[in-house]
Amino acid sequence: MVNSPCASKGLKARSPYARSPIVELLAFGVFLLALLAAARQFNAYEALHTYSRNHNRWELDEFIVTLCCFIITAIAFLVRRWSVEMRDKREIQELTADLARALEAATVADAAKSVFLANLSHELKTPISAVNGYAHLIESGFMGPIDARYASYAKDIRESGEHLMELVNGVLDLTRLDSGKVTMRPQVVDLYELAQLCVRLVRPRAKEGDIVLMNRIPLDFPPVIADPQRLRQILINLIGNAVKFSHPGTQVYIAARAEPFATVVEISDEGIGMDPRDVERAVQPFVQIDSGLSRDHDGVGLGLALVKRFVELHDGSLVFDTAPGQGTRVTVTLPQPVPDARDAKEGRNLVWRMAESRLKAAGLNPAEVLGGASAVGWNRLQLDARVKRLANDR
């Protein structure tokens, strides 16, 4: 933590010269009355009257004396205001200089922190990878059969190492985001296949918790434009978070829908939920919402923070619909650009590759099925129509 020079100097919370405008007016009113009283005390009115009568001049003696007192009061008021403004200006300049030094010190400290965390993360990844690799070899009995107890110990070592690797990767991603070193590489992505991959990765954890995990994205969902690596991290973090805080016997599912110029992805669970007022805190780095159940789960509070940053890199939005005890629905909206001819061609080619691979996996002949009015064939036609419509709108 960087101590501010302003705090170290112990600057006053309020200037000793600062007063209420009403108090100042009252003070100078009293000053004016004091001048008038002094003028009367020293017979200024009579002296001026005698002088004017001897010289056959002024007759407004009281008015002239009063006006002189008022002018003296106004001059005193302006001099004081000028002195106060000069003092305030000096204080503001000193405070601005202190804040600039504090900001510079904080920037240097933050840069040093980011470099330290990045270097530390890189140094930790190599030994952790070695530990995980050897633990996997022991667990699988690659070098020969081992006792079941030792295999169980090796599994615990591997799972702990994988968890530690996730934390290290999260910290490394966060430092890269803070330093602006994350580069986006958008391309055409098969959202169904990507969601299916994320579901497969998280499903073992869901089975351990007796949670049903489903991918409700349609098989023929149109391709989306996004960075596949960052989108994968978004989905894995959100699905893993939903599974982590769900009750046994409940469901977690991912769904998607296509909107004009946007793709909307929803991850819903029937878990513990949270207070909507805590959502803003939940997406901050290293913050975990204070909940009796959440304390029983691992993690350091990086998942949602990374999701928020990655969604913002896509110029998208992240919305939480949640309540305590009623589960959570997280909605990710990813804007989709107007495709040019190259994007449209790449999208159509991806649709055909998707169709061919899925039909072959089902034991069907792609040439025969794609030649007819199949669902996949209609998906290609829908994509062509969408491209033409967007081009006309543009």
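Residues numbered from 1 in each chain as written. Predicted model: local features only at pLDDT ≥ 70, side-chain atom pairs only at ≥ 80, totals over all residues. Heavy atoms only, no water.

**Quick word on the overall build of the protein chain**
The test is simple: Put simply, DSSP H or I for four residues or longer makes a helix, DSSP E for two residues or longer makes a strand, and each gets a number counted from the N terminus. Residue contacts follow a heavy-atom distance rule, with two residues in contact if any of their heavy atoms lie within 4.5 Å. Residue exposure ignores everything except the shown protein chains as possible cover, and the areas themselves are Shrake-Rupley values with a 1.4 Å probe.
Summing up its helical and strand segments, the protein chain has 12 helices and seven strands in all. Considering only contacts in the protein chain between residues 6 or more positions apart, those separated by 24 or more positions represent 71%. Surface summary for the protein chain: the accessible area is close to 24400 Å², and the carbon and sulfur share equals 59%.

**Structural notes on the pairing of strand β4 (residues 251-259)**
As a reminder of what qualifies: Here, a strand pair is defined by DSSP locating no fewer than two bridges between the strands.
As paired elements, strand β2 (residues 212-215) and β4 share four bridges and run parallel to each other. Opposite Asn215, over in β4, you have Ile254 as the bridge partner. Bridge count between β4 and strand β5 (residues 262-269): eight bridges; the pairing is antiparallel. Bridging from a neighbouring strand, Ala255 pairs with Glu266 of β5. Hairpin connection of β4 to β5: two residues between the antiparallel strands, including Phe261 at a positive phi of 65 degrees.

**Considerations on the nonpolar core**
Cut-off, in case you're wondering: Buried Ala, Val, Leu, Ile, Met, Phe, Trp, Tyr and Cys residues form a nonpolar core when they are joined through side-chain atoms within 4.5 Å. Between buried and exposed lies partly exposed: a residue is buried under 20% and exposed over 50% of the maximum accessible area for its type, with that area taken using a 1.4 Å probe on protein chains only.
With 46 residues, the main nonpolar core has Leu191, Leu231, Leu235, Ile239 and Ile254 as its most contacted residues. If one sorts the elements of this core by residue count, helix α6 (residues 191-208) sits on top with eight residues. When residues no more than four places from it in sequence are discounted, the contact partners of Leu235 are Leu191, Leu194, Ala195, Cys198, Ile254, Val265 and Ile267.

**Things to note about helix α5 (residues 148-179)**
Each turn of an α-helix holds 3.6 residues, which means side chains three or four residues apart point in the same direction. Definition in use: Multiplying 1.5 Å by the residue count of a helix minus one yields the expected span of that helix. Side-chain atoms alone can form a polar contact between residues adjacent in sequence; in general such a contact is a pair of N or O atoms within 3.5 Å, and within protein one must be able to donate a hydrogen while the other accepts it.
An ideal rise of 1.5 Å per residue puts 46 Å on 32 residues; α5 measures up with 46 Å between its terminal C-alpha atoms. The opening residue of α5 is Asp147, an N-cap whose side-chain oxygen sits 2.8 Å from the backbone nitrogen of Arg149. A positive phi of about 70 degrees marks Gly180, the residue just after α5.

**A word on the packing of α5 against helix α9 (residues 303-313)**
Applicable threshold: In this description, a line fitted to the C-alpha atoms serves as the axis of each element, helices being fitted only across the stretch in contact, and the angle between N-to-C directions of two axes falls anywhere from 0 to 180 degrees. Here is the rule for angles: anything less than 35 degrees is roughly parallel, anything more than 145 is roughly antiparallel, 65 through 115 is roughly perpendicular, and the remaining ranges are oblique. Crossings are assigned a handedness: left-handed for a near helix turned anticlockwise from the far helix by less than a right angle, right-handed for a clockwise turn. Three classes are used: nonpolar for Ala, Val, Leu, Ile, Met, Phe, Trp, Tyr, Cys and Pro, charged for Asp, Glu, Lys and Arg, and polar for all others, with Gly counted as polar.
Contact geometry of α5 with α9 gives a least axis separation of 11 Å together with a crossing angle of 40 degrees. One way to sum up the angle between α5 and α9 is to call them oblique. Considering the relative orientation of α5 and α9, their crossing is left-handed. Contacts between α5 and α9 involve Gly170, Asp173, Leu174, Leu177 and Asp178 from the first element and Leu306, Arg309, Phe310 and Leu313 from the second. In terms of residue class, the contact of α5 with α9 is made up of five nonpolar, one polar and three charged.

**Considering the confidence of the model for the protein chain**
For the record, the criterion: Note: pLDDT gives the predictor's confidence per residue, expressed from 0 to 100.
Across the protein chain, pLDDT averages 75, with 68% of residues at or above 70. With pLDDT under 50 throughout, residues 291-295 is counted as low confidence; its partners more than four residues away or in other chains account for six contacts. The low-confidence segment residues 372-394, where pLDDT is below 50, has 25 contacts with residues more than four positions distant or belonging to other chains.

**Examining the packing of aromatic side chains**
For any pair of aromatic rings, geometry is given as the distance between the ring centres together with the angle between the planes. The test is simple: Under the pairing criterion, centres of Phe, Tyr and Trp rings, with the six-membered ring standing for Trp, must be within 6.5 Å; the plane angle then separates stacked pairs below 30 degrees from edge-to-face pairs above 60, leaving the rest tilted. By definition, being over a ring means that NZ of Lys or CZ of Arg is both within 6 Å of the ring centre and within 35 degrees of the ring normal.
All chains considered together, the criterion is met by one aromatic pair. For Arg149, the ring lying beneath its charged end belongs to Tyr150, and the centroid distance is 5.8 Å. One Lys or Arg, Arg216, reaches over the ring of Tyr253 and ends 3.9 Å from the middle of that ring.

**Overview of the sheet that holds strand β7 (residues 328-335)**
What holds strands together in a sheet is hydrogen bonding between their backbones, with the strands either parallel or antiparallel. Strand order in the open sheet formed by five strands is β2-β4-β5-β7-β6, and the pairing between neighbours is mixed. Edge positions in the open sheet fall to β2 and β6 (317-322), since each of these has one partner strand only. Each strand axis lies, on average, 15 degrees off the axis of its neighbour in the sheet, ignoring direction. By the bridge criterion, eight bridges tie β5 to β7 in an arrangement that is antiparallel. Among the inter-strand pairings, Thr263 is bridged to a residue of β7, identified as Leu334. On top of the sheet, helix α7 (residues 228-244) reaches β2, β4, β5 and β7; it is set at about 25 degrees to β5, its chief contact.

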